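Analysis of the macromolecular model
Here is what each chain is made of, one letter per residue.
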Protein chains: 2
Amino acid sequence: MQLPSLLLENAVNEFAKLPGIGKKTALRMVLHLLKQDTEIVTHFSETIAKMRKEVKFCRRCHNISDGDFCAICANSARNQQMICVVENLRDVIAIESTQQFNGTYHILGGIISPLDGIGPDQLNISSLIHRIETESISELIFALSPNIQGDTTIYYIQKKLQNTPCTVTTIARGIAFGGELEYADEMTLARSLANRLPVQQYVKS
Amino acid sequence: MQLPSLLLENAVNEFAKLPGIGKKTALRMVLHLLKQDTEIVTHFSETIAKMRKEVKFCRRCHNISDGDFCAICANSARNQQMICVVENLRDVIAIESTQQFNGTYHILGGIISPLDGIGPDQLNISSLIHRIETESISELIFALSPNIQGDTTIYYIQKKLQNTPCTVTTIARGIAFGGELEYADEMTLARSLANRLPVQQYVKS
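What counts, and at which threshold
- Starting from 1, residues in each chain are numbered consecutively following that chain's sequence as written.
- Each chain takes a letter, starting from A, and each ligand takes a number, starting from 1, following the order in which they are written.
- Residue-level local features of this predicted model are given only where pLDDT is at least 70; pairs of side-chain atoms are given and counted only at 80 or more, and the full residue set underlies all totals for whole chains, interfaces and linings.
- With hydrogens and water stripped out, all remaining heavy atoms of the structure feed into the side-chain values.
- For two strands to be treated as a pair, DSSP must find at least two bridges joining them.
- Numbering goes from the N terminus for both helices and strands, where a helix is a DSSP run of H or I of at least four residues and a strand is a run of E of at least two.
- Crossover handedness is defined by viewing with both strands directed away from the observer: a clockwise path from the first strand over the helix to the second marks the crossover as right-handed.
- Here a pair means two rings of Phe, Tyr or Trp (six-membered ring of Trp) with centres within 6.5 Å. Their orientation is stacked below 30 degrees between planes, edge-to-face above 60, and tilted elsewhere.
- Three labels apply to residues, based on accessible area from a 1.4 Å probe with only protein chains included: buried if under 20% of the type maximum, exposed if over 50%, partly exposed otherwise in between.
- In this description, a line fitted to the C-alpha atoms serves as the axis of each element, helices being fitted only across the stretch in contact, and the angle between N-to-C directions of two axes falls anywhere from 0 to 180 degrees.

Digging into the pairing of strand β6 (residues 167-170) of chain A
Residue and element names in this part refer to chain A. Summarising the sheet, strand β5 (residues 139-142) and β6 pair through 4 bridges and their orientation is parallel. Pairing of glutamate 139 across the sheet is with threonine 167, part of β6. Handedness of the crossover joining β5 and β6 through helix α6 (residues 148-160): right-handed.

Here's the deal with the packing of aromatic side chains
If you walk through the whole model with that rule in mind, you get 6 aromatic pairs over all chains. An angle of 75 degrees between the planes, with centres 5.4 Å apart, marks the rings of phenylalanine 44 of chain A and phenylalanine 15 of chain B as edge-to-face. You can see phenylalanine 44 of chain A sitting in helix α3 (residues 38-54) and its partner phenylalanine 15 of chain B sitting in helix α1 (residues 6-16), one on each of two chains. Comparing phenylalanine 44 of chain A with phenylalanine 15 of chain B shows no difference in burial state: the two are buried. Taken together through their ring pairs, the aromatic side chains of Phe15 and Phe44 of chain A together with Phe15 and Phe44 of chain B make up a single cluster.

So, the sheet that holds β6 of chain A
Working definition: the strands of a sheet are paired by backbone hydrogen bonds and lie parallel or antiparallel to each other. All names here are of chain A. Pairing in this open sheet of 4 strands is parallel, and the strands run β4-β3-β5-β6 from one edge to the other. At either end of the open sheet lies a strand with only one pairing partner, and these are β4 (104-107) and β6. For this sheet, the mean angle separating the axes of adjacent strands, direction not counted, is 25 degrees. One ladder, built from 4 bridges, connects strand β3 (residues 82-86) with β4; its direction is parallel.

Remember, this is a structural readout, not a statement about activity or role.
Right, here's the structure in full:
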């Protein structure tokens, strides 16, 4: 695709760097912006740059925040003794949208994945250990991706916590609601069988 | 979807204004930018703003250009006596990628569509008439959308040109290459029959 202007081409290339955006979609976006008033496009670009420059991360849970502490950590109505350990902000948004969790979070910023060069030192693990040691945490819930990397991360953190009294749990793995048994993989089905629930408990939840 | 930061929310809302981008995709883009260095994001936003501020339109054909005249109008190796009338830049890119056209373009900036409030005055029609009257144009090729609005636009412009000697043509309408005859609409099929070609001519093209 040959573009008639270098300015246009640069803008298209910038958009095409975003995840899931190819050159054609990028061009569509740029042509859309080109139709807008200059002020609107300036506002667009300033909002993005300002967001990157000024956004802060909560000192306690590493959530994105406008101040030193995020709205969840600063909210005394939430159970501050419960930590749900997640990979990233999107997981926080997903769990928050269930409206079933009233504790706090701790964002690791990823999971241990040696193949991608991500070790424990690149993640917010030491600050999690520090929180558990200094705050009076009653329960730690792991809500990480259900794969080898997620399990490795749980195993690694759990080993570090052997002397702490808090309960450590992980969200249930199993057949998803609405899923078909015959299409479930063996690992999921095997875990689902091993961690079977009494029907009374299942009906209640 | 509730976001933990106003800065983040503003950025997501800006991205969500782009065509084809919903809130979830916008969040994915913003979180991607958040992972990048500040300089990279600043460069992204500056490139977009600069493009909008500095991009020019060719004085002759209204194509996007870095200078007063676009690369196509400034290229003396192209047939400057042939004008292909198109709706927008994307059509220019599409035709250029066929490498079959060596003339110049004229970008109308849309087609006459009274329902959308677009009349002849909002389009670059007067400059097209001016070009045909002052430059020695030998052929005018309409490559507009094959619908009522496109046909109206062709009809309108053609009426204005009754006293000019140049040949006026339109790109062929018909069954697309690889298309199925049985799924073609009646209008296309009828036109395709009415404008049938001698096989000798078809085989050559």
